[in-house]
Amino acid sequence: VIAPFNGQVAFAGPFRAYGQLLIIDHGEGYHSLLAGLGRIDTAIGQPVLAGEPVALMTQDSRQPVLYVEFRRNNQPINPLPWLAARKGIPKG
């Protein structure tokens, strides 16, 4: 699992029913949440770059599922504009 954007690790560890959860602070109130992880390879406070490996998926017998959520000011947001801008696709 790689960091979706540059940022700093705000949380890394077990969280409720999410299992291993990684929260990356991207600044200006934006955060990404990554869950369904088997192992987290970063620590709280660590800076990460977009595309940098930050975790591994679980390797149990079930099909692994990566949960990804983008938030701004603690509210979920549509990730499409972020992802489209990253690929150079016009927004809209």
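The paragraphs below set out a description of the structure included in this document. Only a predicted model underlies this, so the values are computations on that prediction, with no experimental measurement involved. (Residues numbered from 1 in each chain as written. Predicted model: local features only at pLDDT ≥ 70, side-chain atom pairs only at ≥ 80, totals over all residues. Heavy atoms only, no water.)

### A closer look at the side chain of serine 32
- Mapped onto the fold, serine 32 is located in strand β3 (residues 30–40).
- Here histidine 26 takes part through its side chain, which lies 2.7 Å from a polar atom of the side chain of serine 32.
- Contacts of serine 32, omitting those with residues within four sequence positions, involve Pro4, Leu22, Ile23, Ile24, His26, Glu69 and Phe70. (Helix = DSSP H or I, 4+ residues; strand = E, 2+ residues; numbered from the N terminus. Polar contact = N/O pair within 3.5 Å; in protein donor to acceptor, adjacent residues only side chain to side chain. Contact = heavy atoms within 4.5 Å.)

### Structural notes on the environment of leucine 21
- In this fold, leucine 21 is placed in strand β2 (residues 19–27).
- For leucine 21, a relative accessible area of 4% translates into the label buried.
- Sequence separation of leucine 21 and leucine 33 is twelve residues, and the distance between their C-alpha atoms is 7.0 Å.
- Setting aside anything within four residues of it in sequence, one finds leucine 21 in contact with Phe11, Ala12, Gly13, Phe15, Leu33, Leu34, Ala35 and Ile40. (Buried < 20%, exposed > 50% of the residue type's maximum accessible area, 1.4 Å probe, protein only.)

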